[in-house]
Amino acid sequence: MAKAASSRRRRGGKKKSVIGTRLWIAALVVVAGGIALHDNGPVRNWLNAHLPDPMKTASARHAGSPSVGATGSGARAASPEMARAAPAPQPRPPMPVATVQTAALSGQESLLGKAYSGTFYFCGQSGLDNCVAGGDLFWFKKQAIRLADIRAPQTDGARCDAERQRGFAAKVRLRTLLNQGQFELVDWPNADGDGGGRKWRVVLRNGQSIGQQLIREGLAHGVSEASKSWC
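Conventions used here
- Residues numbered from 1 in each chain as written.
- Predicted model: local features only at pLDDT ≥ 70, side-chain atom pairs only at ≥ 80, totals over all residues.
- Heavy atoms only, no water.
- Phe/Tyr/Trp six-rings, centres within 6.5 Å; stacked < 30°, edge-to-face > 60°.
- Helix = DSSP H or I, 4+ residues; strand = E, 2+ residues; numbered from the N terminus.
- Buried < 20%, exposed > 50% of the residue type's maximum accessible area, 1.4 Å probe, protein only.
- Core = buried A, V, L, I, M, F, W, Y, C linked by side-chain atoms within 4.5 Å.
- Contact = heavy atoms within 4.5 Å.
- Expected span 1.5 Å × (residues − 1).
- Arc of directions from axis to C-beta.
- Pairing = 2+ DSSP bridges.
- Disulfide = S-S within 2.5 Å.
- Polar contact = N/O pair within 3.5 Å; in protein donor to acceptor, adjacent residues only side chain to side chain.

For the rest of this paragraph, the subject is the packing of aromatic side chains. This structure, assessed with the given rule, holds six aromatic pairs. Centroid distance Tyr-116 to Phe-140: 5.2 Å. Interplanar angle 75°. Geometry classified as edge-to-face. Residue Tyr-116 is located in strand 1 (residues 115-116), and its partner Phe-140 is located in strand 4 (residues 137-140); the two are separated by 24 residues in the primary sequence. Phe-140 matches Tyr-116 in its accessibility class, with the two residues each being buried. Where Tyr-116 meets Phe-183, the ring centres are 6.4 Å apart and the plane angle is 40°; that geometry is what we call tilted.

As a further point, take the nonpolar core. Phe-138, Phe-140, Leu-178 and Leu-185 are the most contacted members of the largest nonpolar core, which has 20 residues in total. Secondary-structure elements contributing two or more residues to this core are strand 4, strand 5 (143-147), helix 6 (161-178), strand 7 (183-187) and helix 7 (210-216). No other element matches the four residues that helix 6 contributes to this core. Excluding residues that lie within four positions of it along the chain, Phe-140 makes contacts with Leu-111, Tyr-116, Ser-117, Phe-120, Asp-129, Asn-130, Ile-145, Phe-183 and Leu-185.

In this section: helix 6. For helix 6, with 18 residues, the first-to-last C-alpha span of 26 Å sits near the 26 Å given by 1.5 Å per residue. Buried residues of helix 6: Glu-163, Gly-167, Ala-170, Lys-171, Leu-174, Leu-177 and Leu-178, and no others. Burial along helix 6 is one-sided: seen end-on, the buried residues are contained in an arc of 135°.

Quick look at the pairing of strand 7 now. Pairing of strand 1 with strand 7 involves two bridges; the strand directions are antiparallel. Opposite Ala-115, over in strand 7, you have Glu-184 as the bridge partner. By the bridge criterion, four bridges tie strand 7 to strand 8 (residues 199-205) in an arrangement that is antiparallel. What sits directly across from Val-186, in strand 8, is Val-202.

To continue, consider the state of the cysteines. The final tally for this structure, using the stated rule, is two disulfides. Paired by a disulfide, Cys-123 and Cys-131 hold their sulfur atoms 2.1 Å apart. Every disulfide takes its handedness from the sign of the S-S torsion; for Cys-123 and Cys-131 that torsion is 80°, giving right-handed. Relative accessible area serves as the criterion here: at 22%, Cys-123 is assigned to the partly exposed category. A residue is classified by how much of its surface remains accessible, and Cys-131, at 0% relative accessible area, is buried. Sulfur-sulfur distance for the disulfide between Cys-160 and Cys-231 comes to 2.0 Å. Residues Cys-160 and Cys-231 are joined through a disulfide that is left-handed, its torsion about the S-S bond being -105°. Taken together, the positions of Cys-160 in the loop between strand 6 (150-151) and helix 6 and Cys-231 in the segment after strand 10 (221-222) put the pair 71 residues apart, joining distant regions of the chain.

The next point concerns the side chain of Arg-146. Relative to the helices and strands, Arg-146 is located in strand 5. Sequence-distant contacts of Arg-146, defined by excluding residues within four places in its chain, comprise Asp-136, Leu-137, Asp-194, Arg-198, Lys-199, Trp-200 and Arg-201.

The next subject is the environment of Asp-129. Mapped onto the secondary structure, Asp-129 falls in the loop between strand 2 (121-122) and strand 3 (131-134). Here Asp-129 falls in the partly exposed class, since its relative accessible area comes to 27%. When the C-alpha atoms of Asp-129 and Gln-143 are compared, they prove to be 7.5 Å apart, with 14 residues separating the residues in sequence. Every residue in contact with Asp-129, bar those within four places of it in the chain, is listed here: Trp-139, Phe-140, Lys-141 and Lys-142. A polar side-chain atom of Asp-129 sits 3.2 Å from the main-chain amide nitrogen of Lys-142.

Here it is, written out as structure tokens:
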């Protein structure tokens, strides 16, 4: 029995040794073949030309198969049920046109026959509104008004220093008189304006002309004395 078991062990060891030797030989053949294939360019080119590339085959198979999204989209586009269910586009209603309301422009105030009052400054300090520009010229409610019943001495266009000084005095005095209370503006019967956009008006307070008061104080001339010199 012992001899039989020893014989079987020897045969099994020989088989394992033969199998291991064959595996080593096969591995050496594969390695040698790979080295030869790598070194032999024509053989490698022939194999590449005649054997299919698994990567290219997989890519072509993937490109040829329709995607799920595309299939679903095509099915939705071709579905007659969904085409019938889609509502038809409705035209937009026309936008309402806004009605432009044109405000009636009120005409310029005539500045006649009313009692007026205000705080007057010298023109150049308050703009051209409620200001005095000369001994016979002032602005009221953005309108230039010239005292129609007097001719005051000039300041900018004075012909001498005496006229210039009298002109400044008349300007200061007119401002003081206008600031003393209410006054009335009466039209001048000969003309409404002087052609330069200034209104001819007679300024009254309690029925008395402010222009005539300037004449009495020696700060203005009457209309009939307009050519009289201040020099």
